[in-house]
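# Inside the fold
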Amino acid sequence: MIEQELAAHEYVRTIDLVERLDVSVETVRRDLAVMESRGALVRVRGGAVAAGHKTRVESSYSERSESSQQEKAAIGRAAAALVPDDSTIVIDVGTTALHVVRSMSPSFQGLLVTNSLPAATLASERLSCGVVVLGGRVRRGDLAVAGMRSHEFLRDFRPDLAFLGSGGISTSAGLTDFDYDEVQLRRVIIDVTARAWVLADSSKFGTVAPFRVTGFDDLAGVVTDQQPPGELADTIADAGAEVVVGTR
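A few points on the structure. (Residues numbered from 1 in each chain as written. Predicted model: local features only at pLDDT ≥ 70, side-chain atom pairs only at ≥ 80, totals over all residues. Heavy atoms only, no water.)

### Points about the sheet that holds strand 13 (residues 211-214)
Ordered by their spatial adjacency, 3 strands build an open sheet running 10-11-13, and the pairing between neighbours is antiparallel. What marks the edges here is a single partner per strand, and that holds for strand 10 (168-170) and strand 13. Looking at each pair of strands side by side, their axes are set apart by 35 degrees on average, direction ignored. Taken strand by strand, helix 9 (residues 180-192) contacts strand 11 (174-177) and strand 13, and its axis lies near 5 degrees from that of strand 13. (Pairing = 2+ DSSP bridges. Helix = DSSP H or I, 4+ residues; strand = E, 2+ residues; numbered from the N terminus. Axes fitted to C-alpha atoms, helices over the stretch in contact; angles between N-to-C directions. Contact = heavy atoms within 4.5 Å.)

Put into structure tokens, the structure is as follows:
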């Protein structure tokens, strides 16, 4: 049954298998471990993906900074156009998120909250708004801040918009990413924010990173550089989320 589910959806959640098979979590985890040893699947946080699926290790920050620059710039412009003046926004970590800050009006008078030290630095240099940096552990490369201190601090805010980074978006798994602490913080961002948008260039379509953040029904939509393929676009629409496509 697990093999059939993977053939149909490419991703299965442990909790769904527990409920469907009426067995314990430990039983499902043992089955997944055996199947992984046979090369039938790859275990990820919260479930498994089909062997050969687009699950990957995150590339370095410098590699990501240099890739898909035109696409990310288009996404940044499209996202910045969604920001009303005098609003409170959250800018997440990632190279695409920096393009949002670069594309925002220098006269923006709202408040920018971020867990990205590069985004905070860039915003304080070129924008008129207030800038707040969340506290916590700093990850090398991205200079991303995460941890329980960030969660506690962020819950004092009620942002209007958030722009989230992504490791991948897929029909089967929704929004996924690579760093567990940052995934946990993203869930808090979604919880406290009125409308949370995902920033995802087309290379992220169909990719399942190790940790699941959320499904599309918790999101306002996806800001991207091209229209997602049919099944993914249908899944986003069925969840009531939007797709905003930036132009180069």
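Right, picking up where we left off after that structure.
### Some thoughts on the packing of helix 2 (residues 14-21) against helix 3 (residues 25-37)
Orientation of helix 2 relative to helix 3, taken along the N-to-C sense of each, is 115 degrees, at an axis distance of 9 Å. With respect to their mutual orientation, helix 2 and helix 3 come out roughly perpendicular. For the crossing formed where helix 2 meets helix 3, the hand is right-handed. Mapping the contact onto sequence places T14, L17 and V18 in helix 2 and V25, V28 and L32 in helix 3. For the contact of helix 2 with helix 3, the residue count by class is 5 nonpolar, 1 polar and no charged. (Parallel < 35°, antiparallel > 145°, perpendicular 65-115°, else oblique. Left-handed = near helix turned anticlockwise from the far one by under 90°. Nonpolar A, V, L, I, M, F, W, Y, C, P; charged D, E, K, R; others polar.)

### So, the packing of aromatic side chains
Inspection of every chain in the model, using the stated rule, returns 2 aromatic pairs. Relative to F157, the ring of F153 lies with its centre 5.5 Å away and its plane at 65 degrees, an arrangement referred to as edge-to-face. Residue class for F157 comes out buried when judged on its relative accessible area of 15%. (Phe/Tyr/Trp six-rings, centres within 6.5 Å; stacked < 30°, edge-to-face > 60°. Buried < 20%, exposed > 50% of the residue type's maximum accessible area, 1.4 Å probe, protein only.)

### A few points about the pattern of salt bridges
Considering all chains together, one arrives at 12 salt bridges under this definition. Measuring nitrogen to oxygen at the nearest pair gives 3.6 Å for the salt bridge that ties R139 to D142. In this structure, E182 and R139 form a salt bridge, with 2.6 Å as the shortest nitrogen-oxygen distance. Here R139 lies in strand 7 (residues 137-139) and E182 lies in helix 9, a separation of 43 residues in the sequence. Owing to a relative accessible area of 16%, R139 belongs among the buried residues under this scheme. If you follow the salt bridges from partner to partner, you end up with R137, R139, D142, D179, D181 and E182 in one network. (Salt bridge = Lys/Arg side-chain N within 4 Å of Asp/Glu carboxyl O.)

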